[in-house]
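Here is what each chain is made of, one letter per residue.
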Amino acid sequence: MEGLKNRALHHLSQPHKSLLLPSLHHFYDHLLQCCTSLTTLKLIHSSLSTRGFLLHTPHFLARLVILYSKLGDLHSARALFDHQHHHHRHTQRMGVAANNFTFPFVLKVCGSELGVVFGKVVHGQVLRSGFASGVFVDAALVDMYAKCGEIGDAHEVFDQMLVRDVVCWTTMITRYEQSERPLEALMLFRKMQEEGFLGDEITAISVASAVGQLGDGRMAESVHNYAVVNGFIGDVSVGNSIVGMYAKCGNVERARLVFDRMEERDGISWNAMLSGYTQNGQPTDALSLFDQLQSSECDPNPVTALIMVSACSYLGSMHLGRKLHNYVISSKMEMDNNLRNAIMDMYVKCGDLDTAVEMFNNFDPGKRDVSSWNVLISGYGVHGRAKEALELFSRMQMEGVEPNDITLTSVLSACTHAGLIDEGRKCFADMTKLSVRPEMKHYACMVDMLGRAGCLNEAFSLIKEIPSQPSDEVWGALLLACRIHGNTKLGEIAANHLFQLDPEHTGYYVLMSNIYAASKKWKEVEKVRQNIKSRGLKKPAAFSVIEFGTEVHGFHTADNSSPYYREVYRKVESLAIEMKMVGYVPDLSCVLHDVEPEDKEHLLNYHTEKLAVAFGIMKIDQGMAIQVTKNLRICRDCHWAFKFISSLYGRKIIVRDANRFHHFQGGRCSCGDYW
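We now turn to the structure provided with this report. (Residues numbered from 1 in each chain as written. Predicted model: local features only at pLDDT ≥ 70, side-chain atom pairs only at ≥ 80, totals over all residues. Heavy atoms only, no water.)

1. Observations concerning the overall build of the protein
Link 1 in the chain: Within the protein one finds 35 helices and six strands.
Link 2 in the chain: In the protein, which comprises 675 residues, the share counted as buried stands at 50%.
Link 3 in the chain: Residue pairs at least 24 apart in sequence account for 64% of intrachain contacts in the protein once pairs closer than 6 positions are excluded.
Link 4 in the chain: A total accessible area of about 32,400 Å² is found for the protein, and carbon and sulfur atoms account for 52% of it. (Helix = DSSP H or I, 4+ residues; strand = E, 2+ residues; numbered from the N terminus. Buried < 20%, exposed > 50% of the residue type's maximum accessible area, 1.4 Å probe, protein only. Contact = heavy atoms within 4.5 Å. Areas by Shrake-Rupley, 256 points an atom, 1.4 Å probe, with all protein chains shown as cover.)

2. Concerning the environment of L289
Link 1 in the chain: Along the chain, L289 turns up in helix α17 (residues 283-294).
Link 2 in the chain: Residue L289 is classed as buried on the basis of its relative accessible area of 0%.
Link 3 in the chain: In this structure, the C-alpha to C-alpha distance between L289 and Y277, residues 12 residues apart in sequence, is 9.3 Å.
Link 4 in the chain: Aside from chain neighbours lying at most four places away, what touches L289 is R256, F259, W270, M273, L274 and Y277.

3. Let's talk about the sheet that holds strand β6 (residues 668-669)
Link 1 in the chain: Read across the open sheet, the six strands follow the order β2-β1-β3-β4-β5-β6; overall the sheet is mixed. Every other strand in the sheet has two partners, leaving β2 (551-556) and β6 as the edge strands with one partner each.
Link 2 in the chain: For strand β1 (residues 543-548) and β2, the ladder comprises six bridges, and the chain directions are antiparallel. Across the sheet, residue I546 finds its bridge partner in β2, namely H553. (Pairing = 2+ DSSP bridges.)

4. Things to note about unusual backbone geometry
With the exception of glycine, the majority of residues adopt a negative phi angle, and the majority of peptide bonds are in the trans configuration.
Link 1 in the chain: Backbone geometry places S435, a non-glycine residue, at a positive phi of 60 degrees.
Link 2 in the chain: Note on placement: S435 falls in the loop between α25 (421-429) and α26 (440-452).
Link 3 in the chain: For S435, a relative accessible area of 69% gives the class exposed.
Link 4 in the chain: Located in the positive-phi region is K520, a residue other than glycine, with phi close to 60 degrees.
Link 5 in the chain: Mapping K520 onto the fold places it in the loop between α30 (506-518) and α31 (522-534).
Link 6 in the chain: By relative accessible area, which is 58% here, K520 ends up exposed.

Below you can see the structure in the form of structure tokens.
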């Protein structure tokens, strides 16, 4: 504690030039709303001085300091602050008791607006005044340091407090939680309980949030019981935090149970549950709950809209996306940049790039932010229009918008999808000129780009040049490239790194198994599969969805759960015959099982994307595009087949796989057979 005391006194004794207030950009304190101009403030100041209030009511001085700072007159603010300090010393000499309201009031504002430098000056004044052991002042010091991000200093004050109440404990727990240090928050919560403090509703909210950050399901149940036993669960904010906690721990069922039992729900309650569904890959449940919300007493707000936009993006449902956009417009909901950009991104992910472009062009140029540009650059990239992405990137810089790390990721990704190696190399080399430091995701993009182009040795050399330990994202890009080009040796190197970095990621084992299978190394395939089995891992099942009217139909491999499966199977078989008549030859290398050629061809027929496209040909009107979303990467045989089908039937087929969009039309694909 002595070290912190000395630092605070040091700040108080420094020359004025070292105590300049930081630039004030975000004044929002509700106590100061009545005064909005310096002219008015000076009149108030004059009146207070004339009436003598500044001598006997110190909190008026604090109010004036805050207002002068807010309105940009830092000289007057500092002069008043120094006056308060000298006045306090004078009253001490005269035997007048100080007002202990002043310090907590000023410290509160230091924490929210004035900053830690000013706060340390006040701390020094507190120590000289003799208020250092006052519970209210100590609590305010803890809160000030914590809000300024000086959580170590906050804890130092906290540890030396002679009297600590629930508010002080909760302040420290909350600040650790808000600093994304959940373990420290929970350790402090346990210590608080050991010292006999029960906590309150705010404590419960902070603890639930900390557990949510950890994603610990068992601990979540304990916090829920704590809230129930102590009667906190009836508070709507506590209920909301419990719902959010369970959702972040992946227990959506328990989150819904708490949500359904809440006697009172507000907009945050609904948003927490909707977000829980969306974040846990249950967008259809989110859409169903959204329908219930519209029939409730709560009105959806822009945050709700952002969550539902994410759900529509996840599904890739153009119909639902347009319906949601129309709802936002018809309800006259405030559409800020975040929501507008999210809706643009939704259209991109739902396959309607033209509408996203139209929204961007209709955007007031002065209101576009870097995210607006990023959405469209990325959109062009995933739809195979890399040249437009690069042109937009150049236009962005010409209009004075500074690219950020996401911009460069989007540009590099666009070059990757189109095989624009030289352009990608140049972009990567120019990053430092654009004041963007290459991060691991940029190296991963470069490895992906070089690897897909067959430059595997160059990609491997780049990995060796990365200044820090390469991430699983980087090695994963190399492993995928080895799968594409059949490089077993380099694939084994990448896989060994991945098995150490993320031993529970099934996809890496599957990729290595596929590399062995493509080389007909069936013994090695069996070893990898046994490794997957022994670890209790499961290979992700392929799944494809397609919209028909207002409904979304899903298909699994060799699926017989759909009411249309008999018709679909017959259509798939007839498509295979029709395609062969015009030159289609099945790519049997896509079947990674040691079976006979006839069996391989049979397996290829029932890939999920083929089932979905067959359904689309049967059910969707001739003039409409057939749009399919698949959770995994499209295989070469399906890609080959869809080019034939688009030509045979004169249909546009759009496939969104795990990496990008493929637009098939007239026997060609937008990717140029490079993906």
